[in-house]
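The primary structure of each chain is shown beneath.
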Amino acid sequence: MAEVLLVDRTEGVATLTMNRPESMNSLSTELKDALVQALADVGADSSVRAVVLTGNGRGFCVGQDLSEHIQLLDAGDPAPLSTVVEHYNPIALSLAQMPKPVIAAVNGTAAGAGASFSFACDFRIVAEEAKFLLAFANVGLSLDSGASWTLPRLIGAGRALELSLLGRPITAQQAQQYGLVTQLVPADQVLPTAQQLAAQLAAGPTLAYASIKSAIHYAADATFEQALANEAVLQAAAGATEDHKASVAAFVAKQKPVFTGR
């Protein structure tokens, strides 16, 4: 059987490819388990300095595998009710809190938890033919995988309610107008564009990137004074890194800095 998640590590970039193209990369228990483990692995791997998440085939990820879901419900299995805590929350947290940049290469439809996963990433490179769909209400469910937190911060509460309550797909072009898209490209350019951006980021000051991500997430629920205090702590730590010292020396010498992530 084919692996449900392909992991490639090349020159500091880890590319995670959901590999269930026959179901548009719907999230079976096997795929969710693989994502939880792979994200933990690349997050802890100091040789990985940027991460790309994508899907194989014509879909990015259409969310929960409903065929498996209904079978488990009919069998009285508790897994459908516990999967949010066991799988979706850890995956969303890993994507959002990854101490390195994370790029969603949205090659096709992103629906349900698949859309939520893309919202938790730092960048979204999106195919011109892709669609986003928050289909939770369509099957009598609430939001999960962090969409209630990420989506209003990306596009505002009004747009977030529109997408969540109406459960209608929006085109990549609409998503770009809403502010969900970093870059819109032809389908065959999605992964190359995402990997090119990841390579650029992997060569950058990854410790500083991690600090910036942490600062922005902290400030979302902090007072201005708390955000300032947190910035001071993070800036002191960043100022003590080898990357900062080397980049300042390179600037003075009018040379291009080389960042090592230390």
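Remember, predicted model here, so these are calculated numbers, not experimental data.

Novice: Please explain unusual backbone geometry as it appears in this structure.
Specialist: Trans is the common state for peptide bonds, and a negative phi is the common state for residues other than glycine. In this structure, Glu11 takes a positive phi of about 50° despite not being glycine. As for its placement among the helices and strands, Glu11 is situated in the loop between β1 (5-10) and β2 (13-18). For Glu11, a relative accessible area of 77% puts it in the exposed group. Although it is not a glycine, Asn25 adopts a positive phi angle of roughly 60°.

Novice: Can you walk me through a nonpolar patch on the surface in this structure?
Specialist: Together, Leu66, Val139 and Leu141 make up an exposed nonpolar region whose accessible area comes to about 280 Å². Residue classification places Leu66 among the partly exposed positions, given a relative accessible area of 47%.

Novice: Just checking my understanding: could you explain the sheet that holds strand β4 (residues 59-61) for this structure?
Specialist: Adjacent strands of a sheet pair through backbone hydrogen bonds, lying either parallel or antiparallel. Ordered in space as β4-β6-β8-β9, the four strands form an open sheet in which the pairing is mixed. Edge positions in the sheet fall to β4 and β9 (170-171), since each has one partner strand and no second. By the bridge criterion, two bridges tie strand β8 (residues 131-133) to β9 in an arrangement that is antiparallel. From the neighbouring strand, Lys131 faces β9, where its bridge partner is Thr171. In this fold helix α4 (residues 113-120) packs onto β4, β6 (109-111) and β8, with an angle of close to 95° to the strand it touches most, β6.

Novice: Looking at this structure, how should I read helix α10 (residues 224-239)?
Specialist: Quick reminder: α-helices carry 3.6 residues per turn. Residues three or four places apart thus point the same way. The first and last C-alpha atoms of α10 sit 22 Å apart over 16 residues, in line with the 22 Å expected at 1.5 Å per residue. Every buried residue of α10 is accounted for by Ala227, Asn230 and Leu234. Projected down its long axis, α10 shows its buried positions confined to an angular sector of 70°, all on one face. Among the exposed residues of α10, those pointing more than 90 degrees away from its buried face are Glu225, Val233, Gln235 and Ala236. Along its buried surface, α10 packs onto α9 (206-219).

Novice: I tried to follow the pairing of strand β7 (residues 123-127) on my own but got confused; where do I start?
Specialist: In summary, the side chains of a regular strand alternate between the two faces of the sheet. β7 sits mainly inside the fold: four of its five residues count as buried. Here four bridges tie strand β5 (residues 102-106) to β7, and the two strands are oriented parallel to one another. Across the sheet, the residue bridging to Val106 is Val126, located in β7. Bridging between β7 and strand β10 (residues 183-185) involves three bridges; their strand directions are parallel. The residue bridging Ala127 from the neighbouring strand is Val185, located in β10.

What counts, and at which threshold
Residues numbered from 1 in each chain as written. Predicted model: local features only at pLDDT ≥ 70, side-chain atom pairs only at ≥ 80, totals over all residues. Heavy atoms only, no water. Helix = DSSP H or I, 4+ residues; strand = E, 2+ residues; numbered from the N terminus. Buried < 20%, exposed > 50% of the residue type's maximum accessible area, 1.4 Å probe, protein only. Patch = residues over 30% accessible without salt bridge, like charges linked within 9 Å, V, L, I, M, F, W, Y side chains within 5 Å. Areas by Shrake-Rupley, 256 points an atom, 1.4 Å probe, with all protein chains shown as cover. Salt bridge = Lys/Arg side-chain N within 4 Å of Asp/Glu carboxyl O. Pairing = 2+ DSSP bridges. Contact = heavy atoms within 4.5 Å. Axes fitted to C-alpha atoms, helices over the stretch in contact; angles between N-to-C directions. Expected span 1.5 Å × (residues − 1). Arc of directions from axis to C-beta.

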